[in-house]
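# Working through the structure, step by step
Next come the chains, spelled out residue by residue.
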Amino acid sequence: MSLHQVKKNRHRDKNVNMVKNTLTTFELVLSEYRRYQKGLNLAYLYPSINGHCACGCGNVLDGRKTKWSSRECNNKVYSEFAILKGNTNAIRKKLFEIDNGFCRNCGVYDESWEADHINPVSMGGGLCGIDNFQTLCLYCHKEKTKNQTASHR
Ligand SMILES: [Zn+2]
Ligand SMILES: [Zn+2]
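The text that follows walks through the structure, step by step, so that each part is easy to find.

Calculation notes
- Residues numbered from 1 in each chain as written.
- Chains lettered and ligands numbered in written order.
- Predicted model: local features only at pLDDT ≥ 70, side-chain atom pairs only at ≥ 80, totals over all residues.
- Helix = DSSP H or I, 4+ residues; strand = E, 2+ residues; numbered from the N terminus.
- Buried ≥ 20, exposed ≤ 12 C-beta atoms within 10 Å, placed from the backbone.
- Contact = placed C-beta atoms within 7 Å.
- Expected span 1.5 Å × (residues − 1).
- Core = buried A, V, L, I, M, F, W, Y, C linked by C-beta atoms within 7 Å.
- Axes fitted to C-alpha atoms, helices over the stretch in contact; angles between N-to-C directions.
- Left-handed = near helix turned anticlockwise from the far one by under 90°.
- Nonpolar A, V, L, I, M, F, W, Y, C, P; charged D, E, K, R; others polar.

Here the focus is unusual backbone geometry. In this model, Asn100 sits at a positive phi of 55 degrees, which is unusual for a non-glycine residue. When you line up the elements, Asn100 lands in the loop between helix 4 (88–99) and strand 1 (114–117). Take Asn100: there are 10 C-beta atoms within 10 Å of it, and that puts it in the exposed class. The residue Leu127 is not glycine, and still its phi comes out positive at about 50 degrees. The residue Leu127 is located in the loop between strand 1 and strand 2 (133–136) in this model. Under the C-beta neighbour-count criterion, Leu127 is labelled buried, with 23 such atoms within 10 Å.

Put into structure tokens, the structure is as follows:
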């Protein structure tokens, strides 16, 4: 699921909400300027597709499957969803698979590495997939944060 698709869904959702605004008290509020997306749920991002896997892989649902065609599809989607939602564990797990704890700025391995938003949340980098995250060592992360704060003054 791309960010574009998320935005499209949200737009569609808004229209739906306007039509039945007397029926629903729940409104999903997503923001690129927030680190966590509280109301975001899996069913919203990946609605069931009749007869086919909801992940979009195109596989036909056989047997008694109702949503995902395989455990892999289910896991992949859950990881993407948790990352978009801002779940720290999911972000760190995925990022470690990619960077193995090596700082993308200076190349040094740091066992207390941090997950950095490449485009900061304050600049609209929230509500993002793993492609907006990078591993930084404590030193480089501090430096980056310092420079960002300075450029905001
Ligand atoms: Zn699938
Ligand atoms: Zn570094």
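Moving on, we get to the environment of Thr135. You can see Thr135 is positioned in strand 2. On the basis of neighbour counts, which here come to 23 C-beta atoms within 10 Å, the residue Thr135 falls in the buried class. Apart from residues no more than four positions distant in its own chain, Thr135 is found in contact with Leu95, Asp99, Gly101, Phe102, Cys103, Arg104, Trp113 and Ala115.

As a further point, take helix 5 (residues 138–151). When the terminal C-alpha atoms of helix 5 are compared, their 20 Å separation across 14 residues agrees well with the 20 Å that a helix rising 1.5 Å per residue should span. In terms of burial, helix 5 is a largely surface element, one of the 14 residues being buried.

Okay, helix 4 next. In an α-helix there are 3.6 residues to a turn, and that puts residues three or four apart on one side. Counted at 1.5 Å a residue, the expected span for helix 4 with its 12 residues is 16 Å, and the 16 Å between its end C-alpha atoms agrees. Phi turns positive, to about 55 degrees, at Asn100, one or two residues after helix 4.

Below, the discussion takes up the nonpolar core. The biggest cluster of nonpolar side chains holds 14 residues, and the ones touching the most others in it are Ala54 and Cys55. Of all the secondary structure elements, the ones that give two or more residues to this core are helix 3 (71–85) and helix 4. Tallying contributions element by element places helix 3 first for this core, with four residues. Ignoring sequence-local partners within four residues, the contact set of Ala54 consists of Tyr46, Pro47, Ser48, Ile49, Lys67 and Trp68. Residues Trp113, Leu136, Cys137 and Cys140 belong to the second largest nonpolar core, which totals five residues.

Let us now look at the packing of helix 3 against helix 4. Helix 4 packs onto helix 3 with a crossing angle of 120 degrees between their chain directions and a minimal axis gap of 8 Å. In terms of crossing hand, the pair formed by helix 3 and helix 4 is left-handed. Along its contact with helix 3, which presents Ser79, Ala82 and Ile83, the element helix 4 presents Ala90, Ile91 and Lys94. Residue composition of the contact of helix 3 with helix 4, by class: four nonpolar, one polar and one charged.

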